[in-house]
Amino acid sequence: MAVGDGFRESEDSWAEVLRDLKRRGLRAPVLAIGDGALGFWGALREVFPETKEQRCWVHKIANCLDALPQSLQSKAKAALHEIMNAEHKEAAEAAVDRFQETYGAKYPKAVEKLLKDREVLLSHFDFPAEHWIHLRSTNAIESTFATVRLRTKKTKGAGSRAAGLAMAYKLLDAAQARWRCVNAPHLVALVRAGATFVDGLKVEREDRRNAA
């Protein structure tokens, strides 16, 4: 949808890309998924403040494990996967609490990395369960970016700004031919229309009234 160059992960560079998309008619996305890059989130909140946020679990797990000794990483990784793959939000919250109890005293930095994004790591529970596999990480786009990075490394640079953008665009355009459709695509329209989902299941209007 957009390819642009910018200064690393700067907020201004991201805002320029998002404003361009908005000018060309993009409505505010319902959810944005990304790692902890502050530039992107700052720009998103400025241009599309109504968009919900989901932090990437793959990046978060790697960051948490980096703050733990090697001997504990396997066990901690399993605990983090338990949170990510929980059947419902209550189970995920309980698993977060267990992780804090287990590692908080000796490894507060690892726990802080998890807790600071606690809410936005669990945003996917408010969307169809069929979509969770797509929403919990940025893996789908990261593999595409890897192709661009590899080609840039092989060519030792693109030669000019225009050539670099053209090369990136052509590589991304070719890569999208290998993308597969989102699971349960018929649910995308419901999400866009504002349907309410709790723990991955659609809540009907009567259910919402009874809950109130």
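That block above? That's the structure.
Engineer: Even after reading the chapter, I still don't get the overall build of the protein chain, so can you show me in this structure?
Structural biologist: Tallying secondary structure elements over the protein chain gives twelve helices and four strands in all. On the principal axes, the C-alpha backbone points of the protein chain span a range of 55 × 50 × 30 Å. Per-residue burial over the protein chain gives 34% buried out of 212 residues. The long-range fraction of contacts in the protein chain, counting pairs at least 24 apart against all pairs at least 6 apart in sequence, stands at 61%. When the accessible surface of the protein chain is split by element, carbon and sulfur atoms take 54% of a total near 13300 Å².

Engineer: Just to check I follow, could you spell out the packing of aromatic side chains for this structure?
Structural biologist: How two aromatic rings sit relative to each other is set out by the distance from centre to centre and by the angle between their planes. For the structure on display, the rule yields four aromatic pairs. Aromatic side chains Phe40 and Trp41 sit 4.9 Å apart centroid to centroid with 70 degrees between the ring planes, which places their arrangement in the edge-to-face category. Under the relative-accessibility criterion, Phe40 is labelled buried at 14%. Residue classification places Trp41 among the buried positions, given a relative accessible area of 0%. Judged by centre distance (5.0 Å) and plane angle (75 degrees), the ring pair of Phe125 and Trp132 falls under edge-to-face. Here Phe125 falls in the buried class, since its relative accessible area comes to 0%. In this structure Trp132 comes out as buried when scored by relative accessible area, which is 7%. Its guanidinium or amino end placed over the ring of Trp41, Arg55 lies 4.1 Å from that ring's centre, counting from NZ or CZ.

Engineer: Would you explain the side chain of Gln54 in this entry?
Structural biologist: As for its position among the elements, Gln54 is in strand β2 (residues 52-55). Among the polar contacts made by the side chain of Gln54, one reaches the main-chain carbonyl oxygen of Leu121 at a distance of 3.0 Å. Of the polar contacts made by the side chain of Gln54, one reaches the backbone nitrogen of His124; its length is 2.8 Å. Ignoring sequence-local partners within four residues, the contact set of Gln54 consists of Leu31, Ala32, Ile33, Gly34, Trp41, Val120, Leu121, Leu122, Ser123, His124, Leu135 and Arg136.

Engineer: Where do I start with unusual backbone geometry in this structure?
Structural biologist: Phi is positive for Ala184, which is not a glycine, with a value near 45 degrees. For Ala184, the position within the fold is in the loop between α10 (161-175) and α11 (186-192). Classification of Ala184 by relative accessible area gives buried; the value is 16%. The backbone phi angle of Asp199 is positive, close to 50 degrees, even though this residue is not glycine. In this structure, Asp199 sits in the loop between β3 (197-198) and β4 (201-202). Residue classification places Asp199 among the partly exposed positions, given a relative accessible area of 28%.

Engineer: What am I meant to see in the environment of Asp35 here?
Structural biologist: Note on placement: Asp35 falls in the loop between β1 (31-34) and α2 (38-47). Taking the C-alpha atoms as reference, Asp35 lies 5.5 Å from Arg55; in sequence the two are 20 residues apart. If near-sequence neighbours (up to four positions away) are discounted, Asp35 is found in contact with Trp41, Arg55, Cys56 and His59.

Engineer: Quick question: what am I supposed to make of helix α5 (residues 89-103) here?
Structural biologist: What sets the pattern is the α-helix's 3.6 residues per turn: residues three or four places apart point alike. Between its first and last C-alpha, α5 extends 21 Å over 15 residues, near the 21 Å set by a 1.5 Å rise per residue. Of the positions making up α5, those classed as buried are Ala92, Ala95, Val96, Phe99 and Tyr103. For α5, the angular spread of the buried residues around the axis is 105 degrees, confining them to a single face. Turned more than 90 degrees away from the buried face of α5, the exposed residues are Glu90 and Glu101.

Engineer: What exactly am I supposed to notice about the nonpolar core here?
Structural biologist: Proteins that are soluble and globular tend to have nonpolar side chains buried together. Trp57, Leu80, Ile83, Phe99 and Leu114 are the most contacted members of the largest nonpolar core, which totals 23 residues. Elements with a contribution of two residues or more to this core: α3 (57-66), α4 (70-84), α5 and α6 (108-115). Counting eleven residues, the second-largest nonpolar core is a separate cluster that includes Ala28, Ala43, Leu44 and Val47.

About the thresholds
Residues numbered from 1 in each chain as written. Predicted model: local features only at pLDDT ≥ 70, side-chain atom pairs only at ≥ 80, totals over all residues. Heavy atoms only, no water. Helix = DSSP H or I, 4+ residues; strand = E, 2+ residues; numbered from the N terminus. Buried < 20%, exposed > 50% of the residue type's maximum accessible area, 1.4 Å probe, protein only. Contact = heavy atoms within 4.5 Å. Areas by Shrake-Rupley, 256 points an atom, 1.4 Å probe, with all protein chains shown as cover. Phe/Tyr/Trp six-rings, centres within 6.5 Å; stacked < 30°, edge-to-face > 60°. Lys NZ or Arg CZ within 6 Å of the ring centre and 35° of its normal. Polar contact = N/O pair within 3.5 Å; in protein donor to acceptor, adjacent residues only side chain to side chain. Expected span 1.5 Å × (residues − 1). Arc of directions from axis to C-beta. Core = buried A, V, L, I, M, F, W, Y, C linked by side-chain atoms within 4.5 Å.

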